Amino acid sequence: MPLNVEKVKYPLAAPATLPDVHDFASWLLAPAHRIPPKPTRPGLQAVLFDLDGVLVDTAAFHYHAWKHLADELTLPFDENLNRSFRGVPRMACLDLLLGEHARYFAIEEKTVLAERKNGYYLDQVRTLRPEDAAPGARDLLTELRAAGVRTAVVSASKNARLVLDLLRLADAFDTVVDGGDVTRGKPDPQCFLKAAATLRTAPQRCLVIEDGEAGIRAARAADMPTVGIAPVRGAQRSVGGLTDLSLPFLDAPYATP
Ligand SMILES: [Mg+2]
C-alpha cells in the first residue's frame, strides 16, 4: 500500500507511549534558550548575593535549630559557636558542634542529625513572608536589572530556592547556586565561579555581597570585588544593609577615572 503522505504530514499525532514531538523539541532546545547572550554592559555586569544575612535574616532560625539539636545531644552551644557557622555547609557545622565527639559518629548518623537540624530550621522558614525580605532588597534588585546588571543568589543553603519563593523574590534573580549545586562549599570559590559562568560574566565583572567571612574569602579567591553587610573581615567595602547600596556605589570600582 502506498504511503499516504497527508497522513504523516505535520502535525503528526504521536502514540500515547511516546513523548509529544513538540514537548521533545522544547525539552531539547530549552537549555539553549536559557543561555543568555554575553553581557556588553561596561563596568559591573553581575551582582552575586549571599542569602542568609543579606537578603533575609534567618540567622535566628539557624541559631534556634542548632540550639535545639545541641540541647538534645547535651552539647554546649552559644552565640560564638553560632557565629563560626555563618556561610559554612551544614555537615561542616555539625562537625564543629560535635567537636571532639565527631569522630565517634558514622557518616549516616551525622546525616540523620543534620537532617534533624534542617527540620527544625524549615519549621521556622515556612513562616517567612514577602515582607521578611531585607529592607532595600527589592528596590536594589529592580535598579540593577533595569540597568542590565545580572543578578544571582549564591548560598550554602540547600533551602535557598524555597526561601526565595516564600519571599517572592525568585523572579528577581537570573540564577541561583545553592548548596546542592556545588561539591565544595564556601570558602571555596566554586559557587561564585559557577554563578559567573552561568551568567556568562568574567569573575572580575561580578561583585559579591556577603555577611560571612567564609563567603568573603570565597569571593576573593574567585577574584571578585566584595561588599560586606555589617563589618566582615576581608571585605573591601562594608555597609550597614542593602538600603545603603545603589548602582553608582556598586559600579564605583569599575568607573574609569
Ligand atoms: Mg550569609
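About the criteria used
Residues numbered from 1 in each chain as written. Predicted model: local features only at pLDDT ≥ 70, side-chain atom pairs only at ≥ 80, totals over all residues. Helix = DSSP H or I, 4+ residues; strand = E, 2+ residues; numbered from the N terminus. Buried ≥ 20, exposed ≤ 12 C-beta atoms within 10 Å, placed from the backbone. Contact = placed C-beta atoms within 7 Å. Axes fitted to C-alpha atoms, helices over the stretch in contact; angles between N-to-C directions. Parallel < 35°, antiparallel > 145°, perpendicular 65-115°, else oblique. Nonpolar A, V, L, I, M, F, W, Y, C, P; charged D, E, K, R; others polar. Pairing = 2+ DSSP bridges. Arc of directions from axis to C-beta. Core = buried A, V, L, I, M, F, W, Y, C linked by C-beta atoms within 7 Å. Domains from an automatic or database assignment. pLDDT = per-residue confidence, 0-100.

## Describing the overall build of the protein
Now for step 1: Helix and strand counts for the protein come out as 11 helices and six strands.
Now for step 2: Buried residues in the protein amount to 37% of all 257 residues.
Now for step 3: Intrachain contacts of the protein at a sequence separation of at least 6 include 60% that bridge at least 24 residues.

## Brief notes about the packing of helix 5 (residues 90-98) against helix 6 (residues 107-125)
A pair of packed helices is characterised by two quantities: the angle between their axes and the separation of those axes.
Now for step 1: Their axes nearest at 10 Å, the elements helix 5 and helix 6 cross at an angle of 105 degrees. When the axes of helix 5 and helix 6 are compared, the pair comes out roughly perpendicular. Two secondary-structure elements touch here, helix 5 through Arg 90, Met 91 and Leu 94 and helix 6 through Lys 110, Leu 113, Ala 114 and Asn 118.
Now for step 2: Taken together, the residues that form the contact of helix 5 with helix 6 break down as four nonpolar, one polar and two charged.

## Things to note about the pairing of strand 1 (residues 46-49)
Now for step 1: With burial as the criterion, each face of strand 1 is covered, one bearing Ala 46 and Leu 48 and the other bearing Val 47 and Phe 49.
Now for step 2: For strand 1 and strand 2 (residues 150-154), the ladder comprises four bridges, and the chain directions are parallel. Looking at the pairing, Leu 48 lines up with Ala 152 of strand 2.
Now for step 3: Bridging between strand 1 and strand 4 (residues 206-210) involves four bridges; their strand directions are parallel. Bridge pairing in strand 4 links Ala 46 to Cys 206.

## Some points on the environment of Leu 128
Now for step 1: Along the chain, Leu 128 turns up in the loop between helix 6 and helix 7 (137-146).
Now for step 2: Leu 128 sits 72 residues away from Val 56 along the chain, and the two C-alpha atoms are 9.3 Å apart.
Now for step 3: Apart from residues lying up to four places away in sequence, Leu 128 is in contact with Val 56, Val 163, Leu 166 and Leu 167.

## Quick notes on the sheet that holds strand 6 (residues 237-239)
Now for step 1: In space, the six strands of this open sheet follow the order 3-2-1-4-5-6, with parallel pairing throughout. Each edge of the open sheet is held by one strand with a lone partner, namely strand 3 (175-177) and strand 6. Going across the sheet, the axis of each strand differs from the next one's by a mean of 25 degrees, ignoring polarity.

## Considering helix 7
Now for step 1: Buried within helix 7 are the following residues: Ala 137, Leu 140, Leu 141 and Leu 144. The buried residues of helix 7 all sit within an arc of 95 degrees when viewed along its axis, so they share a single face. More than 90 degrees from the buried face of helix 7, the exposed residues found are Thr 142 and Ala 146.
Now for step 2: In this fold, the buried residues of helix 7 make contact with strand 1, strand 2 and helix 11 (247-251).

## Considerations on helix 5
Now for step 1: All of the buried residues along helix 5 are Arg 90, Cys 93, Leu 94 and Leu 97. Down the axis of helix 5, the buried side of the element spans an arc of 100 degrees, and every buried residue falls inside it.

## Let's talk about the nonpolar core
Now for step 1: Judged by nonpolar contacts, the single largest core of 63 residues is most densely connected at Leu 48, Leu 55, Ala 152 and Phe 192.
Now for step 2: With five residues, helix 9 (residues 190-198) is the largest single contributor of residues to this core.
Now for step 3: Formed jointly, this core draws a minimum of three residues from each of two domains, domain 1 (46-56 + 132-254) and domain 2 (59-125).
Now for step 4: Among all residues touching Leu 55, those that are not within four sequence positions of it are Phe 49, Ala 133, Ala 134, Ala 137, Val 153 and Leu 169.

## Notes on unusual backbone geometry
Now for step 1: A cis amide bond links Lys 186 with the next residue in sequence, Pro 187, at an omega value of 15 degrees.
Now for step 2: Along the chain, Pro 187 falls in the loop between strand 3 and helix 9.
Now for step 3: Non-glycine residue Arg 168 carries a positive phi angle of around 55 degrees.
Now for step 4: Looking at where Arg 168 falls in the secondary structure, it is placed in the loop between helix 8 (160-166) and strand 3.
Now for step 5: Located in the positive-phi region is Arg 200, a residue other than glycine, with phi close to 60 degrees.
Now for step 6: Summarising the element assignment, Arg 200 is placed in the loop between helix 9 and strand 4.

## Considerations on the confidence of the model for the protein
When pLDDT drops low, the exact placement of atoms in the prediction is not to be read closely.
Now for step 1: Overall, the prediction assigns the protein a mean pLDDT of 88, with 85% of residues at 70 or greater.
Now for step 2: Here helix 1 (residues 5-8) stands out as the least confident element of the protein, with mean pLDDT 50; strand 1 is the most confident, with 98.

## Re the pairing of strand 4
Now for step 1: Along strand 4, five of the five residues are buried, which leaves the element largely enclosed by surrounding structure.
Now for step 2: Across the two faces of strand 4 the burial is the same, with Cys 206, Val 208 and Glu 210 and Leu 207 and Ile 209 all buried.
Now for step 3: When strand 4 meets strand 5 (residues 226-229), the two strands line up parallel, connected through three bridges. Opposite Ile 209, over in strand 5, you have Val 227 as the bridge partner.

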